[in-house]
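What the coordinates show
These are the residues of each chain, in order.
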Amino acid sequence: MFDLSPAAPRAAKLTALGIGVALLATACGGSSTPTQTGSSSAAAAGISCPAPSGGAGAGNSQAATNTGPVPPSTTTTDAPLKLGSLLPTTGSLAFLGPPEIAGVNLGIKEVNDAGGVLGAPVSVVHRDSGDTKTDIATQSTTALLGQGVSAIIGAASSGVSKTVINQITGAGVIHFSPANTSPDFTTWDDKGLYWRTAPSDVLQGKVLGNYMATCGAQTVGMIVLNDAYGTGLQKNVKEAFEAAGGKVVAEELFNEGDSQFSSQVDKVLAAKPDAIALITFDQAKSIVPLITGKGIKPTQLFMVDGNTSDYSKDFQAGTMKGAQGTIPGTFAKDDFKKKLLAIDPALKDYSYAGESYDAVNLISLASEAAKSTKGTEIAAKLKEVSEGGEKCTTFAACVTLLRDGKDIDYDGQSGPVTFSDAGDPTEAYIGIYEYQDDNTYKPVREEFGKL
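Residues numbered from 1 in each chain as written. Predicted model: local features only at pLDDT ≥ 70, side-chain atom pairs only at ≥ 80, totals over all residues. Heavy atoms only, no water.

Looking only at helices and strands, one finds twelve helices and 17 strands in the protein chain. In the protein chain, buried positions account for 58% of the 451 residues. For the protein chain, the computed accessible surface area is about 16,200 Å², with 51% contributed by carbon and sulfur atoms. (Helix = DSSP H or I, 4+ residues; strand = E, 2+ residues; numbered from the N terminus. Buried < 20%, exposed > 50% of the residue type's maximum accessible area, 1.4 Å probe, protein only. Areas by Shrake-Rupley, 256 points an atom, 1.4 Å probe, with all protein chains shown as cover.)

Here it is in structure tokens:
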């Protein structure tokens, strides 16, 4: 059922699925969603985004729940499942580290609260991924592999993952990212060992490009990080925006490690775009003041998952008010947030926490289904536990079904998570968020799409 051959067959299977994205619904999710008080607007630029829509986001009302004791595993292991995490605590994506690490730790806690995997508790070793300016990821990966992990969860950055994917998969270990969105991984020769719970930027790009057009923008300028993440997302945003009848009038690149962005900002503003898409990491802290300082309204700014973060301590109040951003995944619901805060009370945002939590559950369930803690054997069951069976949303509920001899379909905190043969989610939500006067962001709508 699982193809361990090189990338070409996997790419062919993905092609059979079709690459087009169908935006099937828009919804408003999570109790913190703003009420319908009107739309964001930048009248001078002709931008007026839709007001938040009513309805429910990703739901799992029909999923099995577990109210009784979890039956013991019929198979035990002398080699308990050990996971590694390769998530950012330093570098340009360090703001994503806390929610991702909290998601992993919550997943580990709940798995062990339910009795662990194959009769033994699961453990995790955390290591920093750094960013592409350093060699921290390679050193961390070497350390994790040396400790005999079956799977490594991370990195957050697609560029960082590219530096270690061959090292990880070449060792027969699962490389499972909660946040990689570069389309390049879909056809990577990974021996069937690379998986992710974040959808490819084919989807985020489609949503963002279409959304800017829906807001009334006819022209867009882009400032883009020149790496696998930035240029991949740039391509898909441009294709979607132009397919919707708009025109991209400026595209300015910069490199990781750059600290001066005046040239890029000046060239984009000279093109007088209606909207500006910032496809960056934390470089947005330097870029946004340059843009708004030249009279551009924040309502003309559109952010992405790499920079949609809390700027309350970085900018004066109102600097970001009305700017919007996209983050793959459904909105974190209140009960999930409470559980995460019990793990890490200092959490400021929840980006990719659900995807990280789901990675732990999926790996653990696939290990149970495989009756093994060996990476290649776990990988052979990942697709199976994500589709086709009885729906369940927690490790306890899902593992109970497995131990009762039933097929399962895990739907997680990040959404439906149905895997393609290439290890990509085939359907996902993209959340759209709007910045408030205090430079924090709130969810306003969700777009659901299929790849």
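Having seen it, we continue.
Counting buried positions along helix α12 (residues 395-403) gives eight out of nine residues, so the element sits mostly inside the fold. Those residues of α12 not exposed but buried are F395, A396, A397, C398, V399, T400, L401 and R403. Looking at the packing, one finds that the buried side of α12 touches α2 (97-113), α10 (353-370), β14 (390-392) and β15 (408-410). (Contact = heavy atoms within 4.5 Å.)

As a further point, take the state of the cysteines. Here, disulfide denotes a covalent bond that connects the sulfur atoms of two cysteines. All told, the structure shown has two disulfides when counted by the stated rule. There is a disulfide in this structure between C49 and C215, and the S-S distance comes to 2.0 Å. Because the sign of the S-S torsion sets the handedness, a value of about 110 degrees for the bond joining C49 and C215 places this disulfide among the right-handed ones. With C49 in the loop between β3 (47-48) and β4 (82-87) and C215 in the loop between α5 (201-214) and β9 (219-225), the pair connects residues that are 166 residues apart, well separated along the chain. (Disulfide = S-S within 2.5 Å.)

Here we take up the pattern of salt bridges. Under the defined criterion, the tally for this structure stands at 16 salt bridges. Across the salt bridge formed by K235 and E239, the nearest N and O atoms sit 3.0 Å from each other. Of this pair, K235 and E239 both sit in helix α6 (residues 228-243), four residues apart, roughly one helical turn. When the shortest N-O distance is used, the salt bridge between R445 and E447 registers 4.0 Å. Because the salt bridges share partners, they merge into one network encompassing D131, K133 and E256. (Salt bridge = Lys/Arg side-chain N within 4 Å of Asp/Glu carboxyl O.)

With that out of the way, let us pick up the nonpolar core. Within the largest apolar cluster, 59 residues are counted, with the highest numbers of intra-cluster contacts made by M212, I291 and F302. Excluding residues within four positions of it along the chain, I291 makes contact with I223, V265, I276, L278, I296 and L301. By size, the runner-up hydrophobic cluster in this structure holds 46 residues, among which are I101, L193, W195 and F395. (Core = buried A, V, L, I, M, F, W, Y, C linked by side-chain atoms within 4.5 Å.)

What follows covers the pairing of β4. The element β4 is extensively covered by neighbouring structure, given that five of its six residues are classed as buried. Relative to strand β5 (residues 123-128), β4 runs parallel, the two sharing six bridges. Paired with L87 across the strands is D128, a residue of β5. Traced from β4 through α2 to β5, the parallel crossover comes out right-handed. (Pairing = 2+ DSSP bridges. Right-handed = clockwise from strand over helix to strand, strands pointing away.)

So, on to the environment of D305. Following the sequence through the fold, D305 ends up in the loop between β12 (301-303) and β13 (324-328). On the basis of relative accessibility, which here comes to 3%, the residue D305 falls in the buried class. In this structure, the C-alpha to C-alpha distance between D305 and I327, residues 22 residues apart in sequence, is 4.5 Å. Once residues lying within four places of it in the same chain are set aside, the contact partners of D305 are F95, T181, Q204, Y229, L233, T326, I327, P328 and Y352. Among the polar contacts listed, one links the side chain of D305 to the side chain of Q204, at a separation of 3.0 Å. (Polar contact = N/O pair within 3.5 Å; in protein donor to acceptor, adjacent residues only side chain to side chain.)

Bringing the packing of aromatic side chains into the picture now. Scanning the model with the defined rule gives 14 aromatic pairs in all. Here F254 and F261 contribute two aromatic rings whose centre-to-centre distance is 5.1 Å and whose plane-to-plane angle is 80 degrees, an arrangement assigned as edge-to-face. An identical accessibility class is assigned to F254 and F261; each is buried. Consider the rings of Y433 and Y441, whose centres lie 5.3 Å apart with planes at 90 degrees: the pair is edge-to-face. Exposure remark for Y441: the relative accessible area of 14% places this residue in the buried category. (Phe/Tyr/Trp six-rings, centres within 6.5 Å; stacked < 30°, edge-to-face > 60°.)

Time to look at the sheet that holds strand β8 (residues 194-196). Taken in spatial order, the five strands line up as β5-β4-β6-β7-β8 in an open sheet, and their pairing is parallel. For this open sheet the edge positions go to β5 and β8, each flanked by a neighbour on one side alone. Here the strands of the sheet are splayed against their neighbours by 25 degrees on average, with no regard to which way each runs. By the bridge criterion, three bridges tie strand β7 (residues 174-177) to β8 in an arrangement that is parallel. Bridge assignment links S177 to a residue of β8, and that residue is R196. Across the face of the sheet, helix α3 (residues 136-146) comes into contact with β4, β5 and β6 (151-154) while running at roughly 160 degrees to β5. Packed on one face of the sheet, α10 meets β4, β6 and β7 and runs near 165 degrees to β6. (Axes fitted to C-alpha atoms, helices over the stretch in contact; angles between N-to-C directions.)

Where α3 meets helix α4 (residues 158-170), the axes come as close as 9 Å, and the angle between the chain directions of the two elements is 30 degrees. Our classification of the angle between α3 and α4 gives roughly parallel. Between α3 and α4 the crossing geometry is right-handed. When α3 is examined against α4, the residues A137, T138, T141, T142 and L145 are found in contact with a partner set consisting of V160, T163, V164, Q167 and I168. (Parallel < 35°, antiparallel > 145°, perpendicular 65-115°, else oblique. Left-handed = near helix turned anticlockwise from the far one by under 90°.)

The quantities given are spatial measurements derived from coordinates; they are silent on function.
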